[in-house]
Amino acid sequence: MSDFDTIIQGGRISTAADTFHCDIGIRNGRIAALGENLGNADETIDAGGYWVLPGGIDSHVHISQPSGEGIVMADDFESATRSAVLGGNTTVLPFCLQEKGVPLRETVKAYHAKADGQCYADVSFHLIISEPTEQLLGQDLPSLVQDGYTSFKIFMTYEGLALSDLEILKVMAVARETRALVMIHAENYDVIRYLTDQLEQTGRTAPRFHATSRPMIAEREATYRAISLAELSDVPLVVVHVSNREAMEEIRRAQHKGLKIFGETCPQYLTLTENDLEGLNMEGAKYVCSPPPRDTDSQEACWQGLQQGVFSVFSSDHCPFRYDDPQGKLTPRGRTSFRWVPNGIPGVGARLPILFSEGVRKGRIDINRFVAVTATNHARTYGLYPRKGTIAVGADADIAIWNPDIEQVLTHAMLNDGADYTPYEGMRIKGWPVLTMVRGKVVARDGKIEAPKGHGTYLKRDLSAYV
Ligand code: DUC
Ligand code: ZN
Ligand code: ZN
(Lines give C-alpha, C1' and ligand atoms only; values in the text may rest on other atoms or scores of the structure.)
(Ligands and ions follow the chains in the order given, each with its own letter.)
Protein backbone atom coordinates (compact mmCIF):
# COMPACT_ATOMS: atom_id res chain seq x y z
CA MET A 1 0.00 0.00 0.00
CA SER A 2 1.27 3.47 -0.83
CA ASP A 3 1.99 6.07 1.82
CA PHE A 4 0.00 8.67 -0.10
CA ASP A 5 -2.51 8.92 -2.92
CA THR A 6 -0.44 11.66 -4.53
CA ILE A 7 2.86 13.39 -3.94
CA ILE A 8 3.63 16.74 -5.54
CA GLN A 9 7.37 16.78 -5.79
CA GLY A 10 10.01 19.43 -6.19
CA GLY A 11 7.85 22.54 -6.46
CA ARG A 12 8.32 25.98 -4.98
CA ILE A 13 5.44 26.44 -2.56
CA SER A 14 4.03 29.83 -1.58
CA THR A 15 1.36 30.59 0.99
CA ALA A 16 0.18 34.01 2.11
CA ALA A 17 3.06 34.03 4.58
CA ASP A 18 6.01 32.00 3.25
CA THR A 19 7.80 30.58 0.26
CA PHE A 20 9.68 27.28 0.63
CA HIS A 21 10.66 24.14 -1.25
CA CYS A 22 9.23 20.79 -0.16
CA ASP A 23 7.06 17.90 -1.31
CA ILE A 24 3.36 17.62 -0.54
CA GLY A 25 1.84 14.30 0.48
CA ILE A 26 -1.89 14.00 -0.16
CA ARG A 27 -4.21 11.41 1.31
CA ASN A 28 -8.01 11.21 1.12
CA GLY A 29 -8.29 14.65 -0.47
CA ARG A 30 -6.30 16.41 2.20
CA ILE A 31 -2.74 17.53 2.68
CA ALA A 32 -1.28 14.89 4.96
CA ALA A 33 2.41 15.83 4.99
CA LEU A 34 4.84 18.53 3.95
CA GLY A 35 8.49 17.55 3.82
CA GLU A 36 11.20 15.65 2.00
CA ASN A 37 11.51 11.97 1.12
CA LEU A 38 7.86 11.42 1.96
CA GLY A 39 7.74 7.85 0.67
CA ASN A 40 5.70 6.40 -2.17
CA ALA A 41 2.42 7.37 -3.75
CA ASP A 42 -0.04 6.11 -6.34
CA GLU A 43 0.72 9.20 -8.44
CA THR A 44 3.72 11.47 -8.29
CA ILE A 45 3.44 14.88 -9.91
CA ASP A 46 6.74 16.49 -10.84
CA ALA A 47 6.48 20.20 -10.05
CA GLY A 48 10.19 20.96 -10.63
CA GLY A 49 10.57 24.51 -11.93
CA TYR A 50 6.93 25.29 -11.12
CA TRP A 51 5.26 27.33 -8.41
CA VAL A 52 2.78 25.50 -6.21
CA LEU A 53 0.04 27.70 -4.76
CA PRO A 54 -3.25 27.31 -2.91
CA GLY A 55 -6.03 27.02 -5.47
CA GLY A 56 -7.70 30.33 -6.14
CA ILE A 57 -10.94 31.17 -4.39
CA ASP A 58 -13.14 33.54 -6.36
CA SER A 59 -15.60 34.90 -3.83
CA HIS A 60 -17.55 37.03 -6.29
CA VAL A 61 -19.06 35.30 -9.31
CA HIS A 62 -22.54 35.28 -10.82
CA ILE A 63 -23.76 32.04 -12.34
CA SER A 64 -27.18 31.27 -13.83
CA GLN A 65 -28.63 34.33 -12.16
CA PRO A 66 -31.87 35.82 -13.55
CA SER A 67 -30.85 39.07 -15.24
CA GLY A 68 -34.01 40.69 -16.58
CA GLU A 69 -36.55 39.94 -19.24
CA GLY A 70 -35.08 38.37 -22.34
CA ILE A 71 -31.55 38.29 -20.92
CA VAL A 72 -29.70 35.05 -20.17
CA MET A 73 -26.38 34.64 -18.39
CA ALA A 74 -23.73 33.03 -20.55
CA ASP A 75 -22.61 30.52 -17.94
CA ASP A 76 -24.23 27.69 -16.09
CA PHE A 77 -22.46 25.95 -13.24
CA GLU A 78 -20.66 23.56 -15.53
CA SER A 79 -19.18 26.15 -17.87
CA ALA A 80 -18.37 28.69 -15.15
CA THR A 81 -16.57 26.18 -12.95
CA ARG A 82 -14.82 24.68 -15.99
CA SER A 83 -13.35 28.07 -16.80
CA ALA A 84 -12.60 28.60 -13.11
CA VAL A 85 -10.50 25.44 -12.67
CA LEU A 86 -8.68 25.94 -15.98
CA GLY A 87 -7.73 29.35 -14.60
CA GLY A 88 -6.31 27.94 -11.35
CA ASN A 89 -9.35 28.21 -9.06
CA THR A 90 -10.62 25.49 -6.76
CA THR A 91 -13.57 27.23 -5.07
CA VAL A 92 -16.08 29.81 -6.29
CA LEU A 93 -18.77 31.68 -4.37
CA PRO A 94 -21.73 32.63 -6.56
CA PHE A 95 -24.86 34.42 -5.43
CA CYS A 96 -28.36 33.20 -4.76
CA LEU A 97 -30.66 36.10 -5.69
CA GLN A 98 -33.82 36.41 -3.59
CA GLU A 99 -36.91 36.42 -5.80
CA LYS A 100 -39.62 38.71 -4.52
CA GLY A 101 -42.61 36.89 -3.13
CA VAL A 102 -40.81 33.54 -3.04
CA PRO A 103 -39.50 32.10 0.24
CA LEU A 104 -35.73 32.51 0.10
CA ARG A 105 -35.14 28.91 1.09
CA GLU A 106 -37.00 27.76 -2.01
CA THR A 107 -34.77 29.90 -4.18
CA VAL A 108 -31.69 28.57 -2.41
CA LYS A 109 -32.88 25.05 -3.17
CA ALA A 110 -33.34 25.98 -6.81
CA TYR A 111 -29.72 27.20 -7.03
CA HIS A 112 -28.54 23.96 -5.45
CA ALA A 113 -30.51 22.05 -8.05
CA LYS A 114 -28.76 24.04 -10.80
CA ALA A 115 -25.34 23.38 -9.28
CA ASP A 116 -25.61 19.81 -8.03
CA GLY A 117 -23.61 17.38 -10.13
CA GLN A 118 -22.46 20.12 -12.51
CA CYS A 119 -19.38 21.62 -10.89
CA TYR A 120 -15.64 21.10 -11.30
CA ALA A 121 -14.77 23.49 -8.45
CA ASP A 122 -16.22 23.56 -4.96
CA VAL A 123 -19.06 26.02 -4.51
CA SER A 124 -20.83 27.94 -1.78
CA PHE A 125 -23.52 30.64 -1.97
CA HIS A 126 -23.90 34.22 -0.78
CA LEU A 127 -27.49 35.46 -0.46
CA ILE A 128 -28.58 38.62 -2.34
CA ILE A 129 -31.34 40.35 -0.43
CA SER A 130 -33.80 42.18 -2.67
CA GLU A 131 -36.82 42.39 -0.36
CA PRO A 132 -36.16 42.55 3.39
CA THR A 133 -39.61 41.48 4.60
CA GLU A 134 -40.34 40.75 8.25
CA GLN A 135 -40.40 37.03 7.41
CA LEU A 136 -37.00 37.25 5.73
CA LEU A 137 -35.39 39.28 8.47
CA GLY A 138 -36.99 37.49 11.39
CA GLN A 139 -36.95 33.87 10.27
CA ASP A 140 -35.43 33.06 6.89
CA LEU A 141 -32.07 34.77 7.21
CA PRO A 142 -31.30 33.57 10.74
CA SER A 143 -32.07 29.99 9.82
CA LEU A 144 -30.07 30.17 6.58
CA VAL A 145 -27.07 31.59 8.45
CA GLN A 146 -27.32 28.67 10.87
CA ASP A 147 -27.19 26.37 7.87
CA GLY A 148 -23.96 27.85 6.50
CA TYR A 149 -25.10 30.68 4.22
CA THR A 150 -23.10 33.18 6.22
CA SER A 151 -22.87 36.20 3.94
CA PHE A 152 -25.42 38.57 2.37
CA LYS A 153 -25.01 40.97 -0.52
CA ILE A 154 -27.11 44.11 -0.68
CA PHE A 155 -27.39 46.73 -3.39
CA MET A 156 -27.69 50.52 -3.11
CA THR A 157 -28.63 50.84 -6.77
CA TYR A 158 -30.62 49.02 -9.52
CA GLU A 159 -34.32 48.96 -10.06
CA GLY A 160 -35.85 46.14 -8.07
CA LEU A 161 -32.72 45.56 -6.04
CA ALA A 162 -31.77 48.85 -4.39
CA LEU A 163 -32.44 48.96 -0.66
CA SER A 164 -33.16 52.22 1.15
CA ASP A 165 -30.92 53.25 4.04
CA LEU A 166 -33.68 52.11 6.39
CA GLU A 167 -33.74 48.67 4.78
CA ILE A 168 -29.97 48.45 4.83
CA LEU A 169 -30.01 49.19 8.56
CA LYS A 170 -32.56 46.42 9.10
CA VAL A 171 -30.41 43.91 7.22
CA MET A 172 -27.34 45.02 9.13
CA ALA A 173 -29.21 44.49 12.39
CA VAL A 174 -29.86 40.87 11.38
CA ALA A 175 -26.21 40.50 10.40
CA ARG A 176 -25.17 41.77 13.81
CA GLU A 177 -27.52 39.36 15.52
CA THR A 178 -26.59 36.30 13.42
CA ARG A 179 -22.93 37.28 12.83
CA ALA A 180 -23.36 37.03 9.08
CA LEU A 181 -21.11 39.18 6.91
CA VAL A 182 -22.58 41.95 4.74
CA MET A 183 -21.24 42.73 1.27
CA ILE A 184 -22.43 45.90 -0.43
CA HIS A 185 -22.70 47.29 -3.95
CA ALA A 186 -22.08 50.97 -3.32
CA GLU A 187 -23.35 53.38 -5.97
CA ASN A 188 -25.88 56.20 -5.45
CA TYR A 189 -29.11 55.11 -7.15
CA ASP A 190 -30.68 58.56 -7.49
CA VAL A 191 -27.54 60.10 -8.98
CA ILE A 192 -27.50 57.33 -11.60
CA ARG A 193 -31.21 57.68 -12.34
CA TYR A 194 -30.91 61.45 -12.68
CA LEU A 195 -27.90 61.31 -14.98
CA THR A 196 -29.32 58.46 -17.05
CA ASP A 197 -32.52 60.42 -17.70
CA GLN A 198 -30.52 63.51 -18.67
CA LEU A 199 -28.28 61.56 -21.02
CA GLU A 200 -31.20 59.85 -22.70
CA GLN A 201 -33.11 63.13 -23.08
CA THR A 202 -30.17 64.57 -24.98
CA GLY A 203 -29.68 61.52 -27.19
CA ARG A 204 -26.54 60.27 -25.50
CA THR A 205 -27.47 56.60 -25.45
CA ALA A 206 -24.38 54.75 -26.76
CA PRO A 207 -22.64 52.25 -24.43
CA ARG A 208 -19.92 54.75 -23.54
CA PHE A 209 -22.48 56.89 -21.69
CA HIS A 210 -22.90 54.04 -19.23
CA ALA A 211 -19.67 55.32 -17.66
CA THR A 212 -20.90 58.94 -17.71
CA SER A 213 -24.08 57.90 -15.92
CA ARG A 214 -22.20 56.31 -13.01
CA PRO A 215 -19.46 58.77 -12.02
CA MET A 216 -16.92 58.23 -9.27
CA ILE A 217 -18.84 60.67 -7.04
CA ALA A 218 -21.80 58.29 -7.06
CA GLU A 219 -19.56 55.46 -5.90
CA ARG A 220 -17.64 57.54 -3.38
CA GLU A 221 -20.80 58.93 -1.76
CA ALA A 222 -22.43 55.52 -1.49
CA THR A 223 -19.24 53.99 -0.13
CA TYR A 224 -19.08 56.64 2.59
CA ARG A 225 -22.77 56.13 3.39
CA ALA A 226 -22.47 52.34 3.48
CA ILE A 227 -19.51 52.59 5.85
CA SER A 228 -21.44 55.02 8.06
CA LEU A 229 -24.41 52.66 8.24
CA ALA A 230 -22.10 49.76 9.11
CA GLU A 231 -20.42 51.83 11.81
CA LEU A 232 -23.79 52.77 13.25
CA SER A 233 -24.87 49.13 13.18
CA ASP A 234 -21.55 47.91 14.54
CA VAL A 235 -21.07 45.32 11.81
CA PRO A 236 -18.14 44.46 9.54
CA LEU A 237 -18.71 45.27 5.88
CA VAL A 238 -17.14 44.24 2.57
CA VAL A 239 -17.36 46.94 -0.07
CA VAL A 240 -17.23 44.93 -3.28
CA HIS A 241 -15.92 45.81 -6.74
CA VAL A 242 -14.22 49.10 -5.81
CA SER A 243 -13.16 50.94 -8.94
CA ASN A 244 -11.39 54.16 -8.04
CA ARG A 245 -9.23 56.22 -5.70
CA GLU A 246 -11.96 58.16 -3.92
CA ALA A 247 -13.92 55.07 -2.89
CA MET A 248 -10.67 53.36 -1.92
CA GLU A 249 -9.72 56.34 0.27
CA GLU A 250 -13.08 56.15 2.08
CA ILE A 251 -12.34 52.53 2.93
CA ARG A 252 -8.80 53.35 4.01
CA ARG A 253 -10.04 56.13 6.28
CA ALA A 254 -12.53 53.77 7.92
CA GLN A 255 -9.83 51.14 8.42
CA HIS A 256 -7.55 53.76 10.02
CA LYS A 257 -10.38 54.55 12.44
CA GLY A 258 -10.33 50.89 13.44
CA LEU A 259 -13.55 49.88 11.72
CA LYS A 260 -13.84 46.41 10.23
CA ILE A 261 -14.36 47.60 6.67
CA PHE A 262 -12.95 45.42 3.91
CA GLY A 263 -12.42 46.23 0.25
CA GLU A 264 -12.54 44.14 -2.89
CA THR A 265 -11.29 45.08 -6.33
CA CYS A 266 -11.36 43.21 -9.64
CA PRO A 267 -9.31 42.77 -12.83
CA GLN A 268 -11.39 45.26 -14.82
CA TYR A 269 -10.37 48.09 -12.49
CA LEU A 270 -6.67 47.30 -12.93
CA THR A 271 -6.64 46.83 -16.68
CA LEU A 272 -9.58 48.58 -18.39
CA THR A 273 -10.65 52.23 -18.62
CA GLU A 274 -13.82 53.99 -19.67
CA ASN A 275 -12.20 54.46 -23.10
CA ASP A 276 -12.85 50.78 -23.67
CA LEU A 277 -16.56 51.56 -23.75
CA GLU A 278 -16.05 53.76 -26.80
CA GLY A 279 -15.88 50.94 -29.34
CA LEU A 280 -17.64 51.50 -32.65
CA ASN A 281 -21.28 50.55 -33.01
CA MET A 282 -22.11 48.44 -29.96
CA GLU A 283 -18.60 47.07 -29.28
CA GLY A 284 -18.42 49.17 -26.12
CA ALA A 285 -21.17 47.00 -24.64
CA LYS A 286 -18.54 44.32 -24.09
CA TYR A 287 -17.15 46.44 -21.25
CA VAL A 288 -20.40 47.56 -19.61
CA CYS A 289 -20.17 46.64 -15.95
CA SER A 290 -20.89 48.45 -12.72
CA PRO A 291 -19.12 50.32 -11.37
CA PRO A 292 -17.61 51.09 -14.78
CA PRO A 293 -13.89 50.98 -15.49
CA ARG A 294 -12.45 54.46 -14.84
CA ASP A 295 -9.10 56.01 -15.77
CA THR A 296 -5.41 55.36 -15.31
CA ASP A 297 -5.26 57.12 -11.94
CA SER A 298 -8.03 54.84 -10.72
CA GLN A 299 -6.06 51.83 -11.93
CA GLU A 300 -3.04 53.06 -10.01
CA ALA A 301 -5.18 53.58 -6.90
CA CYS A 302 -6.53 50.03 -7.15
CA TRP A 303 -2.99 48.68 -7.34
CA GLN A 304 -2.07 50.72 -4.27
CA GLY A 305 -5.14 49.38 -2.49
CA LEU A 306 -4.01 45.83 -3.20
CA GLN A 307 -0.40 46.51 -2.23
CA GLN A 308 -1.20 48.32 0.99
CA GLY A 309 -3.96 46.05 2.26
CA VAL A 310 -6.91 48.41 1.79
CA PHE A 311 -8.23 45.72 -0.53
CA SER A 312 -7.98 42.30 1.04
CA VAL A 313 -9.72 40.38 -1.71
CA PHE A 314 -9.31 40.36 -5.48
CA SER A 315 -12.30 38.75 -7.22
CA SER A 316 -13.46 38.52 -10.81
CA ASP A 317 -17.07 39.73 -10.42
CA HIS A 318 -17.63 37.24 -13.23
CA CYS A 319 -21.03 38.20 -14.61
CA PRO A 320 -21.02 36.84 -18.15
CA PHE A 321 -23.26 37.73 -21.07
CA ARG A 322 -22.60 36.74 -24.63
CA TYR A 323 -21.87 39.71 -26.88
CA ASP A 324 -23.27 38.69 -30.23
CA ASP A 325 -26.56 37.49 -28.88
CA PRO A 326 -30.01 39.10 -28.56
CA GLN A 327 -30.20 37.54 -25.09
CA GLY A 328 -26.87 39.13 -24.18
CA LYS A 329 -25.10 42.42 -24.77
CA LEU A 330 -26.85 42.93 -28.13
CA THR A 331 -30.33 42.76 -26.70
CA PRO A 332 -32.56 44.89 -28.96
CA ARG A 333 -33.39 47.25 -26.09
CA GLY A 334 -29.69 47.79 -25.40
CA ARG A 335 -29.30 49.27 -28.87
CA THR A 336 -31.78 51.98 -27.87
CA SER A 337 -29.91 52.96 -24.70
CA PHE A 338 -26.98 51.91 -22.50
CA ARG A 339 -29.60 51.71 -19.72
CA TRP A 340 -30.68 48.33 -21.06
CA VAL A 341 -27.30 46.76 -21.79
CA PRO A 342 -26.83 43.87 -19.34
CA ASN A 343 -24.35 44.87 -16.66
CA GLY A 344 -21.39 42.61 -16.15
CA ILE A 345 -18.38 41.02 -17.82
CA PRO A 346 -16.78 37.56 -17.73
CA GLY A 347 -13.54 37.04 -15.81
CA VAL A 348 -13.50 33.90 -13.66
CA GLY A 349 -10.90 32.19 -15.88
CA ALA A 350 -8.77 35.27 -16.50
CA ARG A 351 -8.61 36.70 -12.96
CA LEU A 352 -5.61 34.76 -11.68
CA PRO A 353 -3.42 34.87 -14.81
CA ILE A 354 -4.01 38.64 -15.07
CA LEU A 355 -2.97 39.31 -11.49
CA PHE A 356 -0.08 36.86 -11.69
CA SER A 357 1.24 38.52 -14.83
CA GLU A 358 0.47 42.18 -14.15
CA GLY A 359 1.04 41.94 -10.42
CA VAL A 360 3.65 39.32 -9.56
CA ARG A 361 5.64 39.13 -12.79
CA LYS A 362 5.73 42.91 -13.18
CA GLY A 363 6.84 43.35 -9.56
CA ARG A 364 3.78 45.23 -8.26
CA ILE A 365 2.98 42.60 -5.62
CA ASP A 366 4.91 39.62 -4.34
CA ILE A 367 3.73 36.05 -4.60
CA ASN A 368 2.63 35.91 -0.96
CA ARG A 369 0.39 38.92 -1.42
CA PHE A 370 -0.95 37.25 -4.58
CA VAL A 371 -1.91 34.18 -2.57
CA ALA A 372 -3.45 36.33 0.17
CA VAL A 373 -5.70 38.36 -2.12
CA THR A 374 -6.67 35.49 -4.42
CA ALA A 375 -7.17 32.68 -1.92
CA THR A 376 -6.34 32.96 1.78
CA ASN A 377 -8.21 36.17 2.53
CA HIS A 378 -11.29 34.92 0.69
CA ALA A 379 -11.29 31.82 2.88
CA ARG A 380 -10.90 33.84 6.07
CA THR A 381 -13.46 36.45 5.06
CA TYR A 382 -16.14 33.97 4.09
CA GLY A 383 -15.74 31.22 6.67
CA LEU A 384 -13.75 28.61 4.77
CA TYR A 385 -10.39 28.89 6.55
CA PRO A 386 -8.31 26.81 7.32
CA ARG A 387 -10.00 24.09 5.27
CA LYS A 388 -9.49 26.22 2.17
CA GLY A 389 -7.08 28.94 1.08
CA THR A 390 -3.74 27.63 2.26
CA ILE A 391 -1.23 24.82 1.93
CA ALA A 392 -0.98 23.24 5.37
CA VAL A 393 -1.30 19.80 6.90
CA GLY A 394 -4.99 19.08 7.37
CA ALA A 395 -6.23 21.50 4.72
CA ASP A 396 -8.07 20.31 1.62
CA ALA A 397 -5.60 19.53 -1.15
CA ASP A 398 -6.80 22.44 -3.31
CA ILE A 399 -3.72 23.31 -5.28
CA ALA A 400 -2.74 25.09 -8.47
CA ILE A 401 0.63 24.44 -10.07
CA TRP A 402 1.89 27.38 -12.11
CA ASN A 403 4.42 27.65 -14.88
CA PRO A 404 5.69 31.13 -13.98
CA ASP A 405 7.55 31.72 -17.24
CA ILE A 406 5.21 30.80 -20.06
CA GLU A 407 4.23 33.85 -22.13
CA GLN A 408 1.02 33.92 -24.13
CA VAL A 409 -1.41 36.32 -25.71
CA LEU A 410 -4.78 35.92 -24.02
CA THR A 411 -7.63 34.90 -26.28
CA HIS A 412 -11.18 33.96 -25.43
CA ALA A 413 -10.57 30.42 -26.66
CA MET A 414 -8.18 29.86 -23.72
CA LEU A 415 -10.87 30.54 -21.14
CA ASN A 416 -13.49 27.90 -21.93
CA ASP A 417 -16.42 29.80 -20.46
CA GLY A 418 -19.87 30.19 -21.98
CA ALA A 419 -19.36 33.72 -23.25
CA ASP A 420 -18.25 34.55 -26.80
CA TYR A 421 -15.59 37.11 -25.90
CA THR A 422 -13.23 38.24 -23.19
CA PRO A 423 -12.77 41.91 -22.33
CA TYR A 424 -9.08 41.06 -21.87
CA GLU A 425 -8.52 39.77 -25.43
CA GLY A 426 -4.98 40.41 -26.63
CA MET A 427 -3.34 40.98 -23.25
CA ARG A 428 0.19 39.58 -22.99
CA ILE A 429 0.22 37.21 -20.02
CA LYS A 430 3.28 35.75 -18.33
CA GLY A 431 2.55 32.72 -16.17
CA TRP A 432 -0.29 30.24 -16.37
CA PRO A 433 -1.67 27.44 -14.16
CA VAL A 434 -0.77 24.08 -15.68
CA LEU A 435 -2.52 21.86 -13.16
CA THR A 436 -5.44 22.39 -10.79
CA MET A 437 -6.33 19.92 -8.06
CA VAL A 438 -9.55 20.00 -6.03
CA ARG A 439 -9.52 17.91 -2.83
CA GLY A 440 -6.66 15.81 -4.11
CA LYS A 441 -8.07 15.11 -7.55
CA VAL A 442 -6.55 16.63 -10.67
CA VAL A 443 -9.43 18.46 -12.36
CA ALA A 444 -7.45 20.33 -15.00
CA ARG A 445 -4.06 19.67 -16.57
CA ASP A 446 -2.38 21.45 -19.47
CA GLY A 447 -5.54 23.25 -20.48
CA LYS A 448 -7.76 20.19 -20.40
CA ILE A 449 -10.39 19.05 -17.96
CA GLU A 450 -9.58 15.66 -16.38
CA ALA A 451 -12.25 15.13 -13.74
CA PRO A 452 -15.90 14.35 -14.33
CA LYS A 453 -18.24 17.25 -13.73
CA GLY A 454 -19.77 16.84 -10.33
CA HIS A 455 -16.44 16.46 -8.54
CA GLY A 456 -16.98 19.98 -7.23
CA THR A 457 -19.08 19.92 -4.10
CA TYR A 458 -21.16 22.31 -2.03
CA LEU A 459 -19.42 23.88 0.97
CA LYS A 460 -21.36 24.74 4.08
CA ARG A 461 -19.50 27.71 5.50
CA ASP A 462 -18.56 28.78 9.02
CA LEU A 463 -18.89 32.38 10.12
CA SER A 464 -16.39 34.86 8.77
CA ALA A 465 -13.16 35.12 10.74
CA TYR A 466 -13.89 38.87 11.01
CA VAL A 467 -17.31 38.95 12.68
N1 DUC B 1 -22.79 44.10 -9.56
C2 DUC B 1 -22.14 43.01 -9.44
O3 DUC B 1 -21.70 42.68 -8.35
N4 DUC B 1 -21.93 42.24 -10.49
C5 DUC B 1 -22.35 42.55 -11.78
C6 DUC B 1 -23.18 43.70 -11.90
C7 DUC B 1 -23.26 44.53 -10.69
O8 DUC B 1 -23.77 45.60 -10.71
ZN1 ZN C 1 -22.50 44.65 -7.49
ZN1 ZN D 1 -21.02 41.03 -8.92
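Residues numbered from 1 in each chain as written. Chains lettered and ligands numbered in written order. Predicted model: local features only at pLDDT ≥ 70, side-chain atom pairs only at ≥ 80, totals over all residues. Heavy atoms only, no water.

Novice: Would you mind showing me how to read the site of ligand 1 here?
Specialist: Residues in contact with ligand 1, as listed here, are His60, His62, Lys153, Tyr158, His185, His241, Ser290, Asp317, Cys319 and Asn343. Within the side chain of His60, one N or O atom sits 3.0 Å away from an oxygen atom of ligand 1. With respect to ligand 1, the side chain of Tyr158 contributes an N or O atom lying 2.4 Å from an oxygen atom. Considering ligand 1 on its own, with 240 Å² of exposed area, one finds that the protein chains cover 96% of that surface. (Near = heavy atom within 4 Å. Polar contact = N/O pair within 3.5 Å; in protein donor to acceptor, adjacent residues only side chain to side chain. Areas by Shrake-Rupley, 256 points an atom, 1.4 Å probe, with all protein chains shown as cover.)

Novice: I'm lost on the coordination of the zinc ion (ligand 3) in this one. Help?
Specialist: Within the protein, the zinc ion (ligand 3) binds to His60 (NE2), His62 (NE2) and Asp317 (OD); these donor distances fall in the range 1.9 to 2.0 Å. Sequence spacing of the donors to the zinc ion (ligand 3): H-x1-H-x254-D. Between the two metals, the zinc ion (ligand 3) and the zinc ion (ligand 2), the spacing is 4.2 Å. A residue is classified by how much of its surface remains accessible, and His60, at 0% relative accessible area, is buried. We classify His62 as buried; its relative accessible area is 5%. (Donors = N, O, S within 2.8 Å, 3.2 Å for Na, K, Ca; no water. Buried < 20%, exposed > 50% of the residue type's maximum accessible area, 1.4 Å probe, protein only.)

Novice: Quick question: what am I supposed to make of the pattern of salt bridges here?
Specialist: This structure, assessed with the given rule, holds 30 salt bridges. Measuring nitrogen to oxygen at the nearest pair gives 2.8 Å for the salt bridge that ties Asp190 to Arg193. Taken as a pair, Asp190 and Arg193 lie in helix H5 (residues 189-201) at a separation of three residues, close to a single helical turn. According to the relative accessible area criterion, Arg193 is partly exposed, its value standing at 41%. In this structure, the salt-bridge partner of Arg387 is Asp396, at a minimum N-O distance of 2.7 Å. Here Asp396 falls in the buried class, since its relative accessible area comes to 3%. Within the structure, one salt-bridge network assembled from shared partners comprises Arg30, Asp122, Arg387, Lys388, Asp396, Asp398 and Arg439. (Salt bridge = Lys/Arg side-chain N within 4 Å of Asp/Glu carboxyl O. Helix = DSSP H or I, 4+ residues; strand = E, 2+ residues; numbered from the N terminus.)

Novice: Which parts of the structure should I look at to understand the pairing of strand E7 (residues 51-54)?
Specialist: Side-chain positions along a regular strand alternate between the two faces of the sheet. Looking at chain direction, strand E2 (residues 12-14) and E7 are connected through two bridges and run parallel. Looking across to E7, one finds that Ile13 is bridged to Val52. Bridge count between E7 and strand E17 (residues 399-409): four bridges; the pairing is antiparallel. Each bridged residue has a counterpart across the sheet, and for Leu53 the counterpart in E17 is Ala400. (Pairing = 2+ DSSP bridges.)

Novice: Help me understand the packing of helix H3 (residues 134-146) against helix H4 (residues 165-178) in this model?
Specialist: Between two packed helices, both the angle of their axes relative to each other and the distance between the axes serve to describe the pair. As a packed pair, H3 and H4 sit with axes 10 Å apart at the nearest point and diverge in direction by 35 degrees. Helix-helix and strand crossings are classified by hand; for H3 and H4 the assignment is right-handed. Residues Glu134, Leu137, Leu141, Pro142 and Val145 of H3 form the contact with H4, whose own contacting residues are Lys170, Val171, Val174 and Thr178. Of the residues belonging to the contact of H3 with H4, the class tally is six nonpolar, one polar and two charged. (Axes fitted to C-alpha atoms, helices over the stretch in contact; angles between N-to-C directions. Left-handed = near helix turned anticlockwise from the far one by under 90°. Contact = heavy atoms within 4.5 Å. Nonpolar A, V, L, I, M, F, W, Y, C, P; charged D, E, K, R; others polar.)

Novice: When you look at the coordination of the zinc ion (ligand 2) in this model, what are you seeing that I'm missing?
Specialist: When four donors bind a metal tetrahedrally, each ideal donor-metal-donor angle is 109.5 degrees, and when six bind octahedrally, the ideal angles are 90 or 180 degrees. Ligation of the zinc ion (ligand 2) by protein atoms is provided by Lys153 (NZ), His185 (ND1) and His241 (NE2), these donors lying 2.1 to 2.2 Å from the ion. Considered as a linear motif, the donors of the zinc ion (ligand 2) on their single chain read K-x31-H-x55-H. We classify Lys153 as buried; its relative accessible area is 1%.

Novice: Is there a simple way to explain the pairing of strand E1 (residues 4-9) in this structure?
Specialist: Where E1 meets strand E6 (residues 41-46), five bridges bridge the pair, whose relative direction is parallel. If you follow Gln9 over to E6, its bridge partner there is Asp46. As paired elements, E1 and strand E4 (residues 23-27) share three bridges and run antiparallel to each other. Each residue of the ladder has a partner; that of Ile8, found in E4, is Ile24.

Novice: Sorry, what's going on with the environment of Phe370 here?
Specialist: Examined against the element boundaries, Phe370 turns out to sit in helix H13 (residues 367-381). Assessed through its relative accessible area of 2%, Phe370 is described here as buried. With 228 residues separating them along the chain, Phe370 and Pro142 place their C-alpha atoms 34 Å apart. Setting aside anything within four residues of it in sequence, one finds Phe370 in contact with Leu53, Leu352, Leu355, Phe356, Val360, Ile365 and Trp402.

Novice: Would you mind showing me how to read the sheet that holds E6 here?
Specialist: Within a sheet, neighbouring strands are paired by backbone hydrogen bonds and run either parallel or antiparallel to one another. Spatial ordering of the open sheet is given by E5-E4-E1-E6, a layout of four strands whose pairing is mixed. The open sheet has two edge strands with one neighbour each: strand E5 (30-35) and E6. Adjacent strand axes in the sheet meet at a mean angle of 20 degrees, parallel and antiparallel pairs treated alike.

Novice: Would you take a moment to explain helix H2 (residues 104-115) for this structure?
Specialist: In an α-helix, one turn spans 3.6 residues; hence positions three or four apart end up facing the same way. In this model, H2 (twelve residues) spans 17 Å end to end at C-alpha, consistent with the 16 Å of a helix rising 1.5 Å per residue. The complete set of buried residues in H2 reads Leu104, Thr107, Val108, Tyr111, His112 and Ala115. Along the axis of H2, the buried residues cluster in a sector spanning 145 degrees; they form a single face. Residues of H2 that are exposed and point over 90 degrees away from its buried face: Glu106, Lys109 and Ala113. Residues of H2 that are buried in the fold lie against helix H1 (77-86), strand E9 (89-97), strand E11 (126-128) and H3. After H2 finishes, the residue Gly117 shows a positive phi value of roughly 75 degrees. (Expected span 1.5 Å × (residues − 1). Arc of directions from axis to C-beta.)

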